[in-house]
Amino acid sequence: MNEVRKPPVATTGIIGWLRINLFFNWTNSLITLFVIYCLYQFIPWILDWTIFSADFKYNYLGEQITNQEMCSRNLDPENGGACWAVIYVRFYQFIYGFYPKVEVWRVNVAYVMLALALLPLLYAKLPYRKYFLYFTYIFPVIAYFLLNGGLGFTEVSTNKWGGLLVTLVLGCTGIALAFPIGIMLALGRRSKLPVISMMCTLFIEFIRGVPLITLLFFGMVMLPLFLPEGIDMDGLVRVLVAVTLFQSAYMAEVIRGGLQAIPPGQYEAAKSLGMSYWRMNLLIILPQAIRISIPPIVNTSIGLFKDTTLVIIVGILDLLGIGRGTLADTNWLGLSYEIYFFVSLVFFIFTFGMSRYSLYLEKKLKTGINMGAD
Amino acid sequence: MRSNLGLFSDEKFRSIFFQTLVVGLFALGLFFVISTTSYNLEKRNIATGWSFLQNPAGFDISFSPFLEFKSTDTHLKVYFVGVLNTLLVSVTGCIAATILGFILGIIRLSSNWLLSRLVYIYVEFSRNVPLLLQIILWYSILIQLPRVKQSLQILDVFYISNRGLYSPRPIFESGFSYVSIAIVLALISSFLINRWAKKRQDKTGQQFPVFSSSIGLIFIFPLILFFILGSPLSFEHPELKGFNFKGGLVIRPEFIAMFLALSIYTAAFISEIVRAGIMSVSKGQREASAAIGLKQTWIMRLIIIPQALRVIVPPLTSQYLNLTKNSSLGIAVGYADLVHGFGGISLNQTGQAIECMAIVMATYLSISLTISFFMNIYNRSIQFKEK
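Residues numbered from 1 in each chain as written. Chains lettered and ligands numbered in written order. Predicted model: local features only at pLDDT ≥ 70, side-chain atom pairs only at ≥ 80, totals over all residues.

**Things to note about the interface of chain B and chain A**
Phase 1 of the analysis: Listed as interface residues are 42 residues of chain B and, on the opposing side, 38 residues of chain A.
Phase 2 of the analysis: For the side of chain B that touches chain A, the element with the highest residue contribution is helix H2 (residues 11-43) of chain B, accounting for 10 residues.
Phase 3 of the analysis: Class assignment of the residues belonging to the side of chain B that touches chain A gives a composition of 28 nonpolar, 12 polar and two charged. (Contact = placed C-beta atoms within 7 Å. Helix = DSSP H or I, 4+ residues; strand = E, 2+ residues; numbered from the N terminus. Nonpolar A, V, L, I, M, F, W, Y, C, P; charged D, E, K, R; others polar.)

Shown next, in the form of structure tokens:
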């Protein structure tokens with residue numbers, strides 16, 4: 001009878017893992033020790049700065065902080081770390097901008113509704129998904145009246161909007177509007193009609209060849225010149241036009257990639273059933289093409305979400321704009337690290353979440369499970 | 001059914017009809033835009049035409065390393081300074097991002113768990129925070145450096161302060177042109193040697209020490225010439241006079257912030273591309289080359305990287321394009337590039353928005369097209385070749 005021997009201790013369990021991954025040979029061990037030493041120096045310092053010696057609302061004397069002079073590190077440079085009180089004091093502006101306090105419930109309702117509207121798009125197995133989707137379709141209309149006013153709500157002009165509100169409005173509207181335009185451009189570029197295909201190609205390549213900032217300038221400076229007198233476009237709308245044009249060109253290329261991956265047999269089968277061009281695309285081709293291009297669509301959307309920060313250059317106060325505005329305030333001078341850290345963190349949470357979601361979709365696609373992208 | 005539709009059931013007619021319709025609508029829209037625009041321009045007293053390019057700019061540009069710029073120079077010169085500054089930060093950024101990205105991509109695949117995790121954290125943070133925020137953050141770090149009087153010294157020749165990095169400026173004397181000609185000649189001849197050696201190896205199997213001979217040609221040959229000519233190169237050191245340094249080479253914090261942010265941000269994307277490229281080379285290739293006894297470094301250089309490059313180059317091209325377009329964010333920290341100098345200040349001074357924006361957009365388009373043209377040539381040269 002053969003004796004069943006256990007594998008050597010050094011190749012299994014924690015010790016085995018350590019040996020293979022951290023101490024495989026002497027150079028490897030040296031690197032590991034060096035990295036551990038660096039982390040040992042760095043991690044306690046950063047934890048101390050961000051948490052243990054930081055002020056959140058009160059300084060080390062126990063006073064509530066109302067300006068930068070009261071931060072512990074400005075009172076006593078030897079002790080005290082970050083001064084998060086600036087975020088605490090300005091939190092309202094970071095989230096809502098200068099939206100009137102009486103009406104702010106409307107923004108809160110819109111935030112909650114946005115989450116509800118996104119739910120059926122993100123989660124395919126949601127019960128009663130169909131009804132949720134109806135809500136998603138009408139949400140933009142509701143959000144417009146909620147945030148802007150009308151239908152009995154008092155009007156809140158867009159120059160009072162700011163912070164996360166503007167970031168989300170720009171990101172969500174840009175993505176939502178660019179999606180149908182992108183589909184049309186992608187179909188147009190692949191069209192057999194030479195004039196249409198040429199015009200779509202030129203448009204897409206032009207937009208992709210210039211930086212977003214020039215398009216924003218175009219929206220801010222040139223768009224008013226193109227429109228007849230009397231039509232006064234809102235600043236946020238002008239920026240939205242630029243952002244949407246920009247995003248739709250990128251979206252079109254991503255969807256075109258999906259369209260190219262559809263086997264010709266699908267087109268032929270649809271045509272042989274006597275379907276018209278639009279029926280074929282709407283019922284057969286696009287559902288499949290969009291399904292496979294959802295991960296790259298999410299990726300370009302992440303790009304757009306980050307790029308919305310560019311609007312501060314044309315004077316719109318998004319999250320980063322509010323941060324810079326706070327820094328210009330003499331009460332909060334010199335707290336740039338705290339503010340930039342906070343703004344980065346907010347962006348990181350959104351974009352990292354989106355990128356994880358795109359990875360999850362990619363995995364699902366590979367295993368061939370229906371992800372219900374219709 | 002058919003008869004009801006009449007001509008519309010004919011595919012050819014339909015195609016011509018719709019295309020004419022689209023062209024007609026487009027022309028109508030264009031006509032409308034042009035007529036309202038010219039009306040608006042007239043009403044607001046905005047001049048048109050290109051003559052503004054010859055007018056004096058009336059402002060100073062703090063960072064213009066290639067062209068001397070005075071406030072009496074024309075807007076056309078502002079444009080050239082802007083293009084050069086855009087190209088400067090794009091080219092240096094692309095080079096740094098590529099080097100950093102390749103190193104990080106390879107480290108990410110290293111067998112050391114801790115090291116690859118660290119790179120992973122760097123990649124995630126740098127990819128998921130907006131670039132504009134990173135540029136502003138770097139700039140705010142740089143301008144919080146010590147003042148000029150307390151500037152940090154490195155090796156007694158470099159000075160770092162909140163005004164930027166001061167380093168000795170090389171002064172080329174008359175004989176130096178021979179040295180530069182020698183360098184160019186050495187580069188060409190080492191390129192020819194490389195081709196000849198490859199041909200010979202294909203024919204006879206004999207190897208030629210291309211790398212060491214090229215190094216000898218490119219470095220040692222010009223160096224010998226340099227000393228024969230009596231070292232025609234001297235340095236002008238920066239000196240602290242009053243509140244600022246005089247002389248020397250200044251690298252402004254705006255440029256450093258742009259360079260650091262662009263290269264660090266793009267390197268994160270490039271490292272992921274490199275990682276995916278290396279992982280796309282099948283495991284069998286590595287095992288086969290190990291089986292025939294190649295050294296570990298040779299496996300990487302001769303087997304893995306050439307095959308990975310085929311996957312890496314197309315997305316790398318789009319990263320270069322992105323970096324070039326992202327260099328337009330210099331306006332946020334006052335880096336006098338194309339958008340800030342010409343599309344920003346010149347536009348505001350002359351009010352000729354349409355002309356300025358058209359020039360800026362056309363320039364970016366041509367830079368983008370040039371980059372993709374050369375990268376396409378390079379891409380074709382590394383793809384599989386049927387023999």
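On we go.
**Structural notes on the sheet that holds strand S3 (residues 164-167) of chain B**
Residue and element names in this part refer to chain B.
Phase 1 of the analysis: Across the sheet, which stays open at both edges, the four strands sit in the order S1-S2-S3-S8 with antiparallel pairing between neighbours. If you trace the sheet from one side to the other, it starts and ends with strand S1 (152-154) and strand S8 (249-251), each paired once. Direction aside, the axes of adjacent strands within the sheet are offset by 20° on average.
Phase 2 of the analysis: Pairing analysis gives three bridges linking S3 to S8, with the strands arranged antiparallel. Looking at S8, one finds that Ser 167 is bridged to Leu 249. (Pairing = 2+ DSSP bridges. Axes fitted to C-alpha atoms, helices over the stretch in contact; angles between N-to-C directions.)

**A word on the pairing of strand S2 (residues 158-161) of chain B**
Residue and element names in this part refer to chain B.
Phase 1 of the analysis: Because side chains alternate across S2, one face comprises the buried residues Tyr 159 and Ser 161, and the other comprises Phe 158 and Ile 160, none of which is buried.
Phase 2 of the analysis: Sheet topology places S1 next to S2; three bridges connect them, and they run antiparallel. Among the inter-strand pairings, Gln 153 is bridged to a residue of S2, identified as Tyr 159.
Phase 3 of the analysis: The antiparallel pairing of S1 with S2 creates a hairpin that spans three residues between the two strands, and Leu 155 there sits at a positive phi of about 60°.
Phase 4 of the analysis: Sheet topology places S2 next to S3; three bridges connect them, and they run antiparallel. Each bridged residue has a counterpart across the sheet, and for Ser 161 the counterpart in S3 is Gly 164.
Phase 5 of the analysis: Count of turn residues in the S2/S3 antiparallel hairpin: two residues. (Buried ≥ 20, exposed ≤ 12 C-beta atoms within 10 Å, placed from the backbone.)

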